[in-house]
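What the coordinates show
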Amino acid sequence: MSGVQVIVIGMDEGEQRLDRWLKKRFPQLTQGAVEKLCRTGQLRINGGRVKPATRIEAGQEVRVPPLPDATPATAQAPRPRIAESDQQMIQRAVLWRDEHIIALNKPPGLPSQGGSGQGNRHVDGLAEALKFGFKDRPKLVHRLDKDTSGVLLLARTDRIARALSEAFRSRATRKIYWAAVAGVPNPRMGTIRFGLVKAPGHGRGGEGEKMLAVHPRDIDRTEGAKRATTDYAVLDALGTRASWCALVPITGRTHQLRAHMAEMGHPIVGDGKYGGSGQENLGDGWGAQLGGEISRKLHLHARSLSFDHPITKKRVTLTAPLPDHMRRTWQSLGWHENDVPDDPFAETE
């Protein structure tokens with residue numbers, strides 16, 4: 001029997017039902033058990049009573065009462081062994097660490113959390129290799145899409161996890177992404193305010209999940225639509241064929257940057273889901289097919305992340321080098337990392 005736990009909902013764990021989130025965390029729980037915990041008031045969010053269908057939001061605190069241990073069959077099963085190559089891979093990805101926080105430069109293709117058929121080959125599953133002498137595994141504070149690379153934070157204690165989750169929720173952090181996109185946005189700097197709503201008819205586990213853009217005037221009357229805001233700036237361009245953009249997600253919606261750029265008619269190169277792998281797209285007609293490897297892999301990278309350290313209170317800014325496939329693209333197109341400002345929006349704010 002476990003003790004009482006208080007779990008902070010991660011930045012990208014929101015917008016799902018409480019019962020589904022809970023059963024992912026605690027596979028030994030049945031639907032009936034979850035319903036009983038809600039009915040008896042033992043399961044609470046931010047101190048309030050909830051229903052199994054209550055939709056959770058990032059930054060909320062879920063009080064989980066003592067739970068029965070896993071079934072004997074589950075309890076006897078050893079924790080999946082992490083291959084030596086995976087241990088080395090995830091440890092090489094460490095960008096920065098102290099006693100409280102670990103920052104990774106997440107490789108593209110590595111999920112942040114597990115799904116069906118993925119085993120433990122995701123950041124959360126490999127966190128055992130990131131203990132570095134600490135008793136507990138570090139905990140994800142936010143997520144990046146599987147094919148998005150770049151700065152990803154893990155907290156080494158529950159206290160730090162809560163503080164960082166609150167910083168993300170209150171937008172006290174600043175994330176700057178780099179992307180290669182089809183064509184050149186006009187104007188070369190601006191703000192995208194299209195809302196986003198999940199497309200219907202996809203798998204229970206989120207397989208095939210896709211977001212649809214909603215014009216700002218239609219957000220309030222579109223069921224399930226949420227407001228989303230992205231700042232963008234063109235840093236360099238290859239004629240009118242492709243451009244290097246800096247993207248800042250003011251809100252943190254699922255697939256926000258990918259869906260917003262596609263809606264502008266400038267999908268991110270290599271993004272098959274949102275039109276960035278075809279020769280043409282339905283936006284302004286720019287061809288996204290740049291040839292060879294360039295069009296096969298998503299060109300979206302969480303370049304930098306700034307936050308106030310929960311303990312020292314000092315501002316920390318972490319910068320992640322480009323992944324290999326994007327570095328080769330930058331070389332092919334004649335773009336140079338050191339030729340652009342760290343924050344192209346700084347002078348305009």
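As the structure is a prediction and not an experimental result, all values here were calculated from the model. (Residues numbered from 1 in each chain as written. Predicted model: local features only at pLDDT ≥ 70, side-chain atom pairs only at ≥ 80, totals over all residues. Heavy atoms only, no water.)

Description of the sheet that holds strand 1 (residues 5-8)
- Spatially, the four strands line up as an open sheet ordered 1-6-3-4, and their pairing is antiparallel. Sheet topology places strand 1 and strand 4 (48-49) at the edges, where each strand pairs with a single neighbour.
- Relative to strand 6 (residues 61-64), strand 1 is paired through four bridges, and the arrangement is antiparallel. Opposite I7, over in strand 6, you have V62 as the bridge partner. (Pairing = 2+ DSSP bridges. Helix = DSSP H or I, 4+ residues; strand = E, 2+ residues; numbered from the N terminus.)

A closer look at the confidence of the model for the protein
- Averaged over every residue, the pLDDT of the protein is 86; residues scoring 70 or more account for 85%.
- Counting contacts from residues 72-77, a segment whose pLDDT is below 50, to residues more than four positions away or on other chains yields one contact.
- For residues 279-288, every residue scores under 50 in pLDDT, and the model assigns this stretch 32 contacts once sequence neighbours within four places are set aside. (pLDDT = per-residue confidence, 0-100. Contact = heavy atoms within 4.5 Å.)

Details of the pairing of strand 8 (residues 101-106)
- Of all six residues in strand 8, six are buried, a share of seventy percent or more.
- Of the two faces of strand 8, the one lined by I101, A103 and N105 and the one lined by I102, L104 and K106 are each fully buried.
- Where strand 7 (residues 94-97) and strand 8 come together, three bridges link them in antiparallel fashion. Among the inter-strand pairings, V94 is bridged to a residue of strand 8, identified as L104.
- The antiparallel pairing of strand 7 with strand 8 creates a hairpin that spans three residues between the two strands.
- Here strand 8 runs beside strand 10 (residues 149-155); their pairing, made up of six bridges, is antiparallel. When the bridges of strand 10 are listed, I101 appears paired with A155. (Buried < 20%, exposed > 50% of the residue type's maximum accessible area, 1.4 Å probe, protein only.)

With respect to helix 4 (residues 84-92)
- Along helix 4, the residues that are buried comprise D86, M89 and I90. On an axial view of helix 4, the arc spanned by its buried residues comes to 90°, and they lie on one face.
- On its buried face, helix 4 sits against strand 7 and strand 8. (Arc of directions from axis to C-beta.)

Some points on the packing of aromatic side chains
- Considering all chains together, one arrives at four aromatic pairs under this definition.
- A connected cluster of aromatic rings, assembled from ring pairs, spans W178, W244, W330 and W335.
- Here the basic side chain of R97 rests over the ring of F132, its NZ or CZ set 3.9 Å away from the ring centre.
- When the ring centre of Y274 is taken as origin, the NZ or CZ atom of K210, which lies over that ring, is 5.4 Å away. (Phe/Tyr/Trp six-rings, centres within 6.5 Å; stacked < 30°, edge-to-face > 60°. Lys NZ or Arg CZ within 6 Å of the ring centre and 35° of its normal.)

Topic: unusual backbone geometry
- Across the junction of N186 and P187, the peptide omega takes the value 5°, indicating a cis bond.
- Along the chain, P187 turns up in the loop between strand 11 (174-182) and strand 12 (189-192).
- Here F132, not a glycine, exhibits a phi torsion of approximately 45°, which is positive.
- Within the secondary structure, F132 is located in the loop between strand 8 and strand 9 (139-140).
- Unusually for a residue other than glycine, H255 sits at a positive phi of about 55°.
- Examined against the element boundaries, H255 turns out to sit in the loop between strand 16 (242-249) and helix 6 (256-263).

Description of the nonpolar core
- Ranked by internal contacts, the top residues of the largest apolar core, which has 30 residues, are I90, L104, L247, I268 and L300.
- Elements represented by at least two residues in this core include exactly helix 4, strand 8, strand 10, strand 11, strand 15 (230-238), strand 16, helix 6 and strand 17 (300-308).
- For this core, the leading source of residues is strand 11, giving three residues.
- The two domains that each donate at least three residues to this core are domain 2 (84-170) and domain 3 (175-333). (Core = buried A, V, L, I, M, F, W, Y, C linked by side-chain atoms within 4.5 Å. Domains from an automatic or database assignment.)

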